[in-house]
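Working through the structure, step by step
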Amino acid sequence: MQLLPTFDLILFGGTGDLAMRKLLPALYWRFACGQISSDSRIIGTARSELTREDYLAQVRATCETHLGEDFSEKTWHDFAERLSYSKVDAKNDADFAGLCGTLEGREEHIRIFFLSTAPNLFAPICEGLARHSVVTPKSRVVLEKPLGHDRASSAEINERVGAIFEERQIFRIDHYLGKETVQNLLALRFGNTLFEPLWRRGHVKHVQITVAEDLGVERRADFYDKTGALRDMVQNHLLQLLCIIAMEPPATSDLDAMRDEKLKVLYSLRPLVGRDVLAKTVRGQYKAGAAKGQPVVGYLEEKNVPPNSTTETFVALKVEIDSWRWAGVPFYLRTGKRLQERQTEIVLTFDDVPHSIYDRPDHAHALNRLVIQLQPEEYITLTVLAKSPGEGMHLKPVNLSLDFSQTFKTRSLDAYERLLTDVVKGNLTLFMRRDELDAAWAWIDPIREAWERYDEQPKIYTAGTWGPAAASALIGRDGFAWRNEL
Ligand code: BG6
């Protein structure tokens, strides 16, 4: 594993949910694997008055929880020496002065400002850094999603951040792009000739993308209630997965080649506007039910959720792509919290045989399919019909499976480990370009506007189910079913 160049990583939102659950454990892993040099530094910042010891105690606790048996006293000791804490309130210039003082004399190193804060702080933080002249040519800024709450606010953030950092220095994260199976999906599509001729209309009947979570809103109700599933998940993760499935083969593996192709997909999405939105989307909100066999409260009873909130915790959509490759092939997307299982998968269902000379098993028309599962397991399965042993020609579905954990015994990198190392290396391929982000918001905004205009209330579903019945009807109207309903 290649040693990364020395860096200072300044983590804004350093005590937040993402920092604690993902970023700091990811940095610990990379350190444990010997990728982080001993003169690199990680500086957590947040608004609270904390001593370095307080902060270290929090980071240690989270690393212990997330690393489990892989946590080592010795590694922690060395890792902790790289860590410090600085109190920064983005609205307080004196705090910036304190933080910036700690960076002095290290201008020759890579400097990463990771903004894991509310998006309305992105521009003020960058402007604070610029006022204190700590943005060097070797600096990078990492912006966590969501970047704004609509197209206009995202444009404003991009404008203000862009006045301080050049585009090559701006890393807009969508951690789904860093997931191992997404990388494998690219390998599957562009490392083999097998699928390419079939990867289009005329062979693919429809595509499903499901990102189901069994968790509720956890500690993030404040953020989530203002955001909702459409902005939290669809605008970014689901659209990015759709782009990876639907894009044309990039000409090279160069930075912009893939981003150009993804952008073309976003431009080809048929706009969902006005009343069409009501026919092609479903909003849902969970009520009390069960998760993992235990009773759980409904969204409206969650801590910090207003009792009359109409925020959606579930969305399903029918998406059409106006391109030569995909015209007439519907893409069904759904995502939600407190669903029956944690499951992220992409399913391509292929056309049925034009004429069958054998008896067909139930659902035969939906069985020729490719399932790419990202979570909880990482595998790719191609289901085909084969003869079942014995007399007569009885066809049964069988799976040709590639299970990554069985095939490759090495631990795969968590998405944030990959993306953080890419930031240090300056590799932007897996990060969103400004025009991509803008195109995604331009497609999403009219959906939300139509929900507001027609007062589309969320449909209530019980926690622990697969979402509102209307989501089954959305796909059922076209004669298809979600894979879990077959
Ligand atoms: C985040 C969302 O971007 O992705 C969360 O803000 C969601 O609401 C999370 O829970 C899901 O990520 P993963 O990697 O656990 O599927």
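Let us look at the structure shown here.

About the criteria used
- Residues numbered from 1 in each chain as written.
- Predicted model: local features only at pLDDT ≥ 70, side-chain atom pairs only at ≥ 80, totals over all residues.
- Heavy atoms only, no water.
- Axes fitted to C-alpha atoms, helices over the stretch in contact; angles between N-to-C directions.
- Helix = DSSP H or I, 4+ residues; strand = E, 2+ residues; numbered from the N terminus.
- Parallel < 35°, antiparallel > 145°, perpendicular 65-115°, else oblique.
- Left-handed = near helix turned anticlockwise from the far one by under 90°.
- Contact = heavy atoms within 4.5 Å.
- Nonpolar A, V, L, I, M, F, W, Y, C, P; charged D, E, K, R; others polar.
- Pairing = 2+ DSSP bridges.
- Core = buried A, V, L, I, M, F, W, Y, C linked by side-chain atoms within 4.5 Å.
- Buried < 20%, exposed > 50% of the residue type's maximum accessible area, 1.4 Å probe, protein only.
- Salt bridge = Lys/Arg side-chain N within 4 Å of Asp/Glu carboxyl O.

1. Some details on the packing of helix α2 (residues 52-67) against helix α3 (residues 73-80)
- Contact geometry of α2 with α3 gives a least axis separation of 12 Å together with a crossing angle of 140°. Of the possible angle classes, the one that applies to α2 and α3 is oblique. The chirality of how α2 crosses α3 is right-handed. In this structure, α2 uses R52, L56, V59, R60 and C63 to contact α3, whose residues at the interface are E73, W76, F79 and A80.
- Within the contact of α2 with α3, the residues separate by chemical class into 6 nonpolar, no polar and 3 charged.

2. Side note on the sheet that holds strand β1 (residues 7-12)
- The 6 strands are arranged β3-β2-β1-β4-β5-β6 in an open sheet whose pairing can be described as parallel. Each having just a single partner strand, β3 (83-87) and β6 (170-172) make up the two edges of the open sheet. Neighbour to neighbour, the strand axes of the sheet diverge by 20° on average, direction disregarded.
- Pairing of strand β5 (residues 139-143) with β6, which is carried by 3 bridges, proceeds in the parallel orientation.

3. A look at the nonpolar core
- With 145 residues, the main nonpolar core has F12, L24, W76, F113, F331, I346 and L348 as its most contacted residues.
- Tallying contributions element by element places helix α8 (residues 221-246) first for this core, with 14 residues.

4. Remarks on unusual backbone geometry
- The omega torsion of the bond from K145 to P146 falls at -5°, within 30 degrees of zero and hence cis.
- Within the secondary structure layout, P146 lies in the loop between β5 and α6 (151-162).
- In this model, Q375 is joined to P376 through a cis peptide bond whose omega is 0°.
- Relative to the elements of secondary structure, P376 occurs in the loop between β14 (369-375) and β15 (379-387).
- Non-glycine residue E218 carries a positive phi angle of around 55°.

5. Digging into the pairing of β1
- Counted residue by residue, β1 has 6 buried out of 6 residues, so it is predominantly covered.
- In this sheet, strand β4 (residues 110-115) lies alongside β1 in parallel orientation, the contact comprising 6 bridges. Bridge pairing links L9 to I112 in β4.
- Sheet analysis places β1 next to strand β2 (residues 41-46), joined by 5 bridges and oriented parallel.

6. Considerations on the pattern of salt bridges
- The full count for this structure, using the stated rule, is 42 salt bridges.
- Across the pair D8 and R41 runs a salt bridge whose closest N-O atoms are separated by 3.1 Å. With D8 in strand β1 and R41 in strand β2, this residue pair connects regions lying 33 residues apart in the sequence.
- For D8, a relative accessible area of 1% puts it in the buried group.
- Residue classification places R41 among the partly exposed residues on the basis of a relative accessible area of 23%.
- With its nearest N and O atoms 2.8 Å apart, the salt bridge here joins D322 to R270. One end of the pair, D322, is in the loop between β11 (314-319) and β12 (331-336); the other, R270, is in the loop between α9 (255-268) and α10 (275-280), and 52 residues separate them in sequence.
- On the basis of relative accessible area, D322 is assigned to the partly exposed category, the value being 41%.
- On the accessibility criterion, R270 (35% relative accessible area) is partly exposed.
- Ionic contacts of the salt-bridge type, sharing partners, join the residues R189, E196, R200, E248 and R325 into one network.

Purely geometric stuff here, so don't read any function into it on its own.
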